[in-house]
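Here is what each chain is made of, one letter per residue.
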Amino acid sequence: MENLFDLGIIGGGPAGYSAAIRAAQKGLSVILFEKNSMGGVCLNRGCIPTKTILHCSDVYKSMKKAEKFGINTGEISYSYEKIFNRKNEVVEKLQKSLIKLVQSYGVLIISAEAKLNAPDKIEADGRIYNCKSIILSTGSKPAKIKGLEADGNFILTSDDILNLNNLPQNLLIIGSGAIGVEWARIFSAFDCEVTVVEAADRLLPAADTDISKRLERLFKKSKIKFYTSAKVDSIDDRVVTLSNLQILTPDIILCAAGREPVIPQGLDFEKDGRFIKVNENFQTNFANIYALGDLNGKLQLAHSAVHQALGVVDYITEKKEIHFDKTRVPSVIYGTPEIAWVGKTEEMLQGCEYKVSIFPVSALGKAFADDEIDGFVKVLSVAGKIVGAHVVCPEASSLIHQFALMIDNCLKTDEILNTVFAHPTYSEAIFEAILGLDNMSLSLPRL
Ligand code: NAI
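Residues numbered from 1 in each chain as written. Predicted model: local features only at pLDDT ≥ 70, side-chain atom pairs only at ≥ 80, totals over all residues.

Before going further, it helps to examine the overall build of the protein. When helices and strands are tallied, the protein shows twelve helices and 24 strands. Its C-alpha atoms give the protein a radius of gyration of 23 Å, within 12% of the compact-globule value 22 Å for 447 residues. Along the first, second and third principal axes, the C-alpha atoms of the protein reach 75 × 60 × 45 Å. Expressed as a percentage of its 447 residues, the buried residues of the protein come to 43%. Across the protein, every contact between residues at least 6 apart in sequence was considered, and the portion connecting residues at least 24 apart equals 66%. (Helix = DSSP H or I, 4+ residues; strand = E, 2+ residues; numbered from the N terminus. Rg over C-alpha atoms; globule rule 2.2 N^0.38 Å. Buried ≥ 20, exposed ≤ 12 C-beta atoms within 10 Å, placed from the backbone. Contact = placed C-beta atoms within 7 Å.)

For the peptide bond that leads from Thr336 to Pro337, omega is -10°, which places it in the cis range. Within the secondary structure, Pro337 is located in the loop between strand S20 (331-333) and strand S21 (339-343). Going from His423 to Pro424, the amide bond is cis rather than trans, its omega being -5°. Tracing the sequence through the fold places Pro424 in the loop between helix H11 (413-416) and helix H12 (428-436). Residue Asp237 is not a glycine yet carries a positive backbone phi of 50°. With phi around 50°, Asn439 is a residue other than glycine that occupies positive phi space. By secondary structure assignment, the location of Asn439 is in the segment after H12.

Turning our eyes to something else, we now look at the sheet that holds strand S10 (residues 193-197). As summarised here, the arrangement of the five strands in space is S8-S15-S9-S10-S11, forming an open sheet in which the pairing is parallel. Edge positions in the open sheet fall to strand S8 (155-156) and strand S11 (225-227), since each of these has one partner strand only. Where helix H6 (residues 178-189) meets the sheet, it contacts strand S9 (170-174), S10 and strand S15 (252-255), and its direction lies at approximately 165° from that of S10. (Pairing = 2+ DSSP bridges. Axes fitted to C-alpha atoms, helices over the stretch in contact; angles between N-to-C directions.)

It is worth spelling out the nonpolar core at this point. If you look at the biggest cluster of nonpolar residues, it comprises 70 residues, and the most contacted ones within it are Ile173, Ile174, Leu254 and Val391. Examining the composition of this core, we find that eight residues originate from one element, H6, more than from any other. Both domains that meet at this core, namely domain 2 (155-257) and domain 3 (337-438), each give it at least three residues. Counting residues in hydrophobic clusters, the runner-up holds 48 residues, among them Cys42, Phe269, Ile289 and Val312. (Core = buried A, V, L, I, M, F, W, Y, C linked by C-beta atoms within 7 Å. Domains from an automatic or database assignment.)

Three- or four-residue spacings in an α-helix give side chains the same orientation, since the helix completes a turn every 3.6 residues. Look at helix H10 (residues 396-408): 18 Å from first C-alpha to last across 13 residues, which is about the 18 Å you get at 1.5 Å a residue. Along H10, the positions that sit buried rather than exposed are Ala396, Leu399, Ile400, Phe403, Met406 and Ile407. Projected down its long axis, H10 carries its buried residues within an arc of 105°, all on one side. Contact partners of the buried residues in H10: S20, S21, strand S24 (385-392), H11 and H12. Once H10 finishes, Cys410 follows within two positions and takes phi at roughly 50°, a positive value. (Expected span 1.5 Å × (residues − 1). Arc of directions from axis to C-beta.)

All right, on to the site of the ligand then. With respect to spatial proximity, 24 residues lie near the ligand, and among them Gly175, Gly177, Ile179, Ala257 and Gln300 are the closest. With four residues, H6 is the largest single contributor of residues to the shell around the ligand. Residue composition of the shell around the ligand, grouped by class: 14 nonpolar, six polar and four charged. (Near = placed C-beta within 6 Å. Nonpolar A, V, L, I, M, F, W, Y, C, P; charged D, E, K, R; others polar.)

The subject of this paragraph is the domain arrangement of the protein. The domain architecture assigned to the protein consists of domain 1 (4-141 + 260-326), domain 2 (155-257) and domain 3 (337-438). For domain 2 and domain 3, the distance between their C-alpha centres works out to 29 Å. Domain 2 puts seven residues into the contact, and the matching count from domain 3 is eleven residues. Looking at side-chain class alone, the side of domain 2 that touches domain 3 contains three nonpolar, one polar and three charged residues.

The next point concerns the sheet that holds strand S13 (residues 239-242). In spatial order, the strands read S12-S13-S14; together these three strands make up an open sheet with antiparallel pairing. Unpaired on one side and paired on the other, strand S12 (232-236) and strand S14 (247-248) mark the two borders of the sheet. The sheet contact formed by S13 and S14 spans two bridges and is antiparallel. Bridged to Thr241 within S14 is Ile247.

Right, let's talk about the pairing of S21 for a bit. Most of S21 sits out of view: five of its five residues are buried. Looking at chain direction, S20 and S21 are connected through three bridges and run antiparallel. Paired with Val332 across the strands is Ala340, a residue of S21. Connecting the antiparallel pair S20 and S21 is a turn made up of five residues, with Gly335 showing a positive phi of about 125°. By the bridge criterion, five bridges tie S21 to S24 in an arrangement that is antiparallel. Residue pairing for S24: Val342 is matched across the bridge by Ala389.

For any two helices packed against each other, one specifies the inter-axial angle together with the distance between the axes. Where helix H3 (residues 47-64) meets H6, the closest approach of the two axes is 9 Å, and the angle between their N-to-C directions is 40°. Classified by the angle their axes make, H3 and H6 are oblique. By crossing handedness, the relation of H3 to H6 is classed as left-handed. Contacts between H3 and H6 involve Thr50, Ile53, Leu54, Ser57, Asp58, Tyr60 and Lys61 from the former and Glu182, Ile186 and Ala189 from the latter. Its residues assigned to classes, the contact of H3 with H6 comprises five nonpolar, two polar and three charged. (Parallel < 35°, antiparallel > 145°, perpendicular 65-115°, else oblique. Left-handed = near helix turned anticlockwise from the far one by under 90°.)

In structure tokens:
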């Protein structure tokens, strides 16, 4: 048969390109369709550009503190235009190397919009491609909120905000999920006035409550205003009235209230709410078609999508069952200090016997050396095993993987404590927090 492939992939984001590489490594013939740029939201309109800008805001913030460290700098200023251009250069470089990487595995990339003609037929650019298995990894787009429809001028999505090449003085952010919190931290670091409005009764409601409380403290310290249990009631000639009757006059509004799936055309997929319904092996109601990443709504994180992709390719090639547990996927919120968590929250453990230990970063020598004393490592254990960890600390994005390994491998706390943790490091807070489960932290005074 002409144009026959073992695997057809629609969407070249983290799920799509990881699946393509893994499948090619396992000897499958692979074709991948991407209508925009390779790399998906993560590389083009999400993780990478945002973290590139965030890094600049961190550099600016630390330079403003330089005198405290005995460094003379003179007046510090920034050019957002240069920051914006650097962000574009980083994305462009990564895009080019990603294409080369995927092609090096013999994957055929078709730069066109694909639709499904049948469960084993993909149409793109007027041609039909026959595919034994199909992976849908078409991602997501900013959710539309009634009354807060983006106009690209006053009300912006997280896509639009990346296209701004100068900064607003006064910004209102709707939603305090990952996007809202990261942008609040970026803009505030660049000296903009930031207000965050969150419908839930606490900031970052997906996190453990101690993280939300600490974030409130960090926001106050950075002069980021916030209103919880509040929504936008009306907008009249750029004057915003909130449900708590506060009146705000921002230069722009960033709407960061979730993302909705982009579902490819052609077949009638069973849905789970707005998302494509999948079984535990990520199969849709068509057994040879799999839906990964933001599309299935399990967890909208790039690394979760990559993990699903590897599992699905192994399922296709070896019928290896997938056991995806979203609580085992680490979450990271960037900014200073970083926030990360994995495993269960204290709320999830209500009704079962558990131990909790919170070790303050301020008890670490390393934190004092760096002047980064605001944070903690919180661990939760059940029957001598770590089941959850919640971290607000410099390097939290890396530290959290120590906990992910402990949880994934069901390590016992006494086994973990046999490991030597180097001094002076932030990892010592992990050791100390685990010691604290039995009130044995070395760097905290006797209670
Ligand atoms: P989200 O679902 O994480 O947070 C949206 C927040 O908006 C929620 O706290 C919700 O209560 C609030 N909200 C919803 N409607 C509202 C309204 N009308 N008024 C006020 N508040 C309202 O969604 P977000 O932040 O847009 O991110 C989308 C996805 O992208 C998430 O799954 C997120 O985890 C992911 N992402 C991950 C990042 C990371 O890993 N560092 C960075 C950026 C995004």
